[in-house]
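A structural walkthrough
So the chains spell out like this:
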Amino acid sequence: MDLAALVVFAGALMIAAGSPGPSIAALVSRVLTRGWRDVLPFAAAMWIGEAIWLTMAVYGLAALAETLYWAFVALKYLGVAYLLYLAWKMWFAPVAIDGQSATVEPKSATRMFLAGLAVTLGNPKIMVFYLALLPTIIDLAGITFVAWLELTVTMLVVLAAIDLGYIVLAGRARSWMKSPRAMRIANRVSAGVMGAAAAAIASK
């Protein structure tokens, strides 16, 4: 695939994904309350979801997305429900003396992964973005497996760089909050942000 086309694709994706939105808000909120390791499954699921939407856009599967519309709506609201649950847990989370949360959710990695996947797959506007962008830089009718792979790898690199950047910044901010009072405030602010993210996703 032409390098210039990949650069244009990466630049457009960087601008779109780098703008703080509900998914970024959910990532940052979770890092502030539970630490960066806890949020990695959520981020990984979002990247996989984006790869699925990209693949559907590349191979002209928009009609399939319309056919499965209600399945994607159900996924979206499952993700929203879980984000609201996380917001509730953050608000009422007990705080230990060392500033760490005193409880650990069982199977949180699996739940976070499923929530990230549901939130991403429940947002068909991601595929609309790819459908609008890709025809301007490549010939979708003649796309090869190698070209799809190059697009997918480029997308994963861009998204990982952006999301991990936000995660690192949020992790550093969390390290500054040593007192139980500071952690309690962070938990409740994060709960509000998480709830707002859920509302924003639900309203789309």
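Here goes a summary of the coordinates provided. Please read these numbers as outputs of a predicted model, since none were measured by experiment.

1. Things to note about the overall build of the chain
Scanning the chain from N- to C-terminus turns up nine helices and zero strands. Listing the helices and strands of the chain from first to last along the sequence gives α-α-α-α-α-α-α-α-α. Per-residue burial over the chain gives 45% buried out of 204 residues. With the model as given, the accessible surface of the chain reaches about 10,200 Å², and the carbon-plus-sulfur share is 73%.

2. Details of helix 3 (residues 36-58)
Taking 1.5 Å as the rise per residue, helix 3 with 23 residues should run 33 Å; its terminal C-alpha atoms sit 33 Å apart, in good agreement. Directly beyond the C-terminal end of helix 3, a positive phi value near 65° is found at Gly60.

3. Observations regarding a nonpolar patch on the surface
A surface patch of nonpolar side chains, amounting to about 630 Å² of accessible area, comprises Tyr59, Leu61, Phe145, Val146, Leu149, Val153 and Val157. Within the secondary structure layout, Tyr59 lies in the loop between helix 3 and helix 4 (62-67). Take Tyr59: its relative accessible area is 38%, and that puts it in the partly exposed class.

4. A few points about the environment of Asp163
Examined against the element boundaries, Asp163 turns out to sit in helix 8 (residues 145-175). Accessibility expressed as a relative area gives 6% for Asp163, which makes it buried. Between the C-alpha atoms of Asp163 and Gly18, which are 145 residues apart in sequence, the distance is 8.1 Å.

5. A few points about the environment of Arg172
By the secondary structure assignment, Arg172 is in helix 8. Classification of Arg172 by relative accessible area gives exposed; the value is 52%. Along the chain, Arg172 and Gly35 lie 137 residues apart, while their C-alpha atoms are 9.7 Å from each other.

6. Topic: the layout of surface pockets
What the largest pocket holds in volume is close to 500 Å³. Around the largest pocket, the lining comprises 23 residues; the ones closest to its centre are Ala17, Ser23, Glu50, Asn123 and Ile126. Mapped onto the lining of the largest pocket, the elements with two or more residues apiece are helix 1 (3-18), helix 2 (22-34), helix 3, helix 6 (108-121), helix 7 (125-137) and helix 8. Among the elements that take part in the lining of the largest pocket, helix 7 stands out by supplying four residues, more than any other.

7. As for the side chain of Thr154
Its place among the elements puts Thr154 in helix 8. In contact with Thr154, not counting residues within four places along its chain, are Leu6, Phe9 and Ala10.

8. Some words on the nonpolar core
The nonpolar side chains of a soluble globular protein tend to be buried with one another. In terms of nonpolar packing, the biggest core is built from 57 residues, with Phe9, Phe42, Leu83, Tyr130, Leu134 and Leu151 touching the most fellow members. Contributing elements (two or more residues each) for this core: helix 1, helix 2, helix 3, helix 5 (69-92), helix 6, helix 7, helix 8 and helix 9 (180-203). A total of twelve residues in this core trace back to one element, the largest contributor, which is helix 3. Beyond its immediate stretch of four places on either side in the chain, Leu83 contacts Ala26, Phe42, Val119, Met194, Ala198 and Ile201.

9. Description of the packing of aromatic side chains
Taken as a whole and judged by the stated rule, the model has three aromatic pairs. Seen from their ring centres, Phe9 and Tyr130 are 6.2 Å apart, and the 35° between their planes marks the pair as tilted. Pair noted here: Phe9 is in helix 1 and Tyr130 is in helix 7, with a separation of 121 residues, a long-range link. The buried category is assigned to Phe9, whose relative accessible area is 0%. For Tyr130, a relative accessible area of 0% corresponds to the buried category. With a centroid separation of 5.4 Å and an interplanar angle of 35°, the aromatic rings of Phe145 and Trp148 are classed as tilted. You can see Phe145 and its partner Trp148 sitting in helix 8, three residues apart, about one turn around the helix. An aromatic cluster of three or more residues is present, and its members are Phe9, Phe129 and Tyr130.

Reading the values: the criteria
- Residues numbered from 1 in each chain as written.
- Predicted model: local features only at pLDDT ≥ 70, side-chain atom pairs only at ≥ 80, totals over all residues.
- Heavy atoms only, no water.
- Helix = DSSP H or I, 4+ residues; strand = E, 2+ residues; numbered from the N terminus.
- Buried < 20%, exposed > 50% of the residue type's maximum accessible area, 1.4 Å probe, protein only.
- Areas by Shrake-Rupley, 256 points an atom, 1.4 Å probe, with all protein chains shown as cover.
- Expected span 1.5 Å × (residues − 1).
- Patch = residues over 30% accessible without salt bridge, like charges linked within 9 Å, V, L, I, M, F, W, Y side chains within 5 Å.
- Salt bridge = Lys/Arg side-chain N within 4 Å of Asp/Glu carboxyl O.
- 1 Å grid on protein atoms, 1.4 Å probe; cavity = no way out; pocket = protein on both sides within 12 Å on 5 of 7 lines; lining within 4 Å.
- Points joined across faces, edges and corners; volume = space filled by probe spheres on them.
- Contact = heavy atoms within 4.5 Å.
- Core = buried A, V, L, I, M, F, W, Y, C linked by side-chain atoms within 4.5 Å.
- Phe/Tyr/Trp six-rings, centres within 6.5 Å; stacked < 30°, edge-to-face > 60°.

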